[in-house]
Amino acid sequence: MARINEHYLKLAGAYLFPEIARRVEAFAALAPELAGRIIRCGVGDVTEPLPASVVAAMHRAVEEMGTREGFRGYGPPWGYDFLRDAIAEGDFRERGIAVDREEIIVSDGSKTDAGAILEIFATGDANRIGITDPVYPVYVDTNVMAGNTGPARPGGSYEGLVPLACTEENGFVPEPPDERLDLVYLCFPNNPTGGMIDRPRLEAWVEWALRHEAIILYDVAYADYVTDPELPRSILEIEDARRCAIEFHSFSKNGGFTGVRCGYTVCPRELRGRTAAGDAVPVLELWKRRWSTRSNSVAYVVQRAAEALYSEAGRRETRALVDGYLANARALREGCAAMGLRVHGGEHAPYVWVGCPDGLDSWGVFDRMLEDLQVVITPGAGFGRLGEGWFRISAFNSPANVAEVVRRMQDAGRLTAAPATG
Ligand code: PLP
């Protein structure tokens, strides 16, 4: 009988979102008269339709593929040059950051990239890996699957991963630790806390990484939500970050591509890792080899769609989408404040991070919000041990739904442990 990868068996119970779905379904079955009122502010999935320029580009690409002259078979493993050039220009060179086409690898999204990147690093206990708490759970689970951890600890963390605390006291931005780490995951604007890092603190991380020869895996899935030009949208804005960082980008949260699927990584040419014997090796070469062996990138139609995001109309449309979600986030901040809750995030991110009222833990708040208000939030405990005591409310919704959520919050007043219904 075939042996399985037993690291999968270490993964803690149900993944957060299936458990949320289970509870919502159970509530709807128990109170069918309220099921139609449920508004989902839980999962970080976008709600608004694709930009018109994206739809037009997809149509054009489909038509092309239906002609003998325009047909394309296997695409280049790192993405078409037209898209890599548009990215290099639009996301970097226009902002004064030197990145070129060869350092950009197009993928089907940051979720894929966050897991796949581990294939080019040694597994087991070869690397000391730092992961923030609370955290986007994909970083943790992919390390478990790769065999980089021991068993699960109570509260959802794993032996072998070094937690980097994100707390109200440090503004949800971890300090570089005193110890040596080899790989560190950072994500700003942050999911789940909605927090943002400023330039001096990011510089401190870069300086630390260079000193320890660590690599920072820097996730900027929400880069377009940064509205203050003083705040860094990319770690590559920081001098010398090219020697210590790989950056993950996604078109999901600006272009509405959660269903279309496209993103990319930037792996600077200068970045080096080491062999067990101590020889320095360019990481980009391994990463490119990983893609050319395993993939031919994403569909031509999808890459034309992503390219359209960089057109003048595409930029206008993405800006409008992001601004709409940011307006929702502002309204939700006000709604939560009206309930007397402690509110963070939501200024440079589509997530508002809210303190649980006394007497309720984060699943307790989830149940109260669902049963009393028919609003689905995400319990902070699902994002790590330090997420307990907090919940995340997502601004990915229509303005009308958000206005309704805020109205219900204002009407409800304070959340208490005692159920208001039945
Ligand atoms: N990175 C972070 C921090 C996210 O929150 C998400 C999605 O929620 C992703 C990556 C996934 O992005 P993609 O849709 O490109 O896979």
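Structure: above.
Remember, predicted model here, so these are calculated numbers, not experimental data.

**Digging into the sheet that holds strand β14 (residues 378–379)**
Strand order in the open sheet formed by four strands is β11-β12-β15-β14, and the pairing between neighbours is antiparallel. The sheet terminates laterally at β11 (343–345) and β14, the two strands that pair on one side only. As judged from the two bridges shared by β14 and strand β15 (residues 390–394), these two strands associate in the antiparallel manner. By the bridge assignment, Pro-379 is partnered in β15 with Phe-391. On top of the sheet, helix α11 (residues 312–338) reaches β11, β12 (351–355) and β15; it is set at about 160 degrees to β11, its chief contact.

**Overview of the packing of helix α3 (residues 52–65) against helix α10 (residues 300–308)**
Axis separation between α3 and α10 bottoms out at 8 Å; the angle between their running directions is 145 degrees. The way α3 lies across α10 gives a crossing that is right-handed. Here α3 contributes Ser-53, Val-54, Ala-57, Met-58, Ala-61, Val-62, Glu-64 and Met-65 to the contact with α10, which in turn contributes Tyr-300, Val-301, Arg-304, Ala-305 and Ala-308. For the contact of α3 with α10, a count of residues per class yields ten nonpolar, one polar and two charged.

**As for α10**
In terms of burial, α10 is largely enclosed, as eight of its nine residues are buried. Residues of α10 that are buried: Tyr-300, Val-301, Val-302, Gln-303, Arg-304, Ala-305, Ala-306 and Ala-308. Contacts made by the buried residues of α10 are with α3, α4 (81–92), β2 (104–107) and α11.

Reading guide: rules and limits
Within each chain, residues carry numbers counting from 1 in the order of the written sequence. With the structure being a predicted model, the display of local features is reserved for residues of pLDDT at least 70 and the display and counting of side-chain atom pairs for 80 or more, all residues being used for whole-chain, interface and lining totals. Computation of side-chain values covers all heavy atoms of the structure but excludes hydrogens and water. Here a strand pair is declared whenever DSSP counts at least two bridges between the two strands. By definition, any uninterrupted DSSP run of H or I lasting at least four residues is a helix, any uninterrupted run of E lasting at least two residues is a strand, and each is numbered from the N terminus. In what follows, a contact means two residues having at least one pair of non-hydrogen atoms within 4.5 Å. Lines fitted to C-alpha atoms define the axes, with helix axes restricted to the stretch in contact, and inter-axis angles between N-to-C directions lie between 0 and 180 degrees. If you view the pair so one helix is near and one far, a crossing is left-handed when the near helix is turned anticlockwise from the far one by less than a right angle, and right-handed when it is turned clockwise. Each residue is assigned to one class: nonpolar for Ala, Val, Leu, Ile, Met, Phe, Trp, Tyr, Cys and Pro, charged for Asp, Glu, Lys and Arg, and polar for all the others, Gly among them. Each residue's exposure class comes from its accessible area (1.4 Å probe, protein chains only) as a fraction of the maximum for that residue type: buried when under 20%, exposed when over 50%, partly exposed otherwise.

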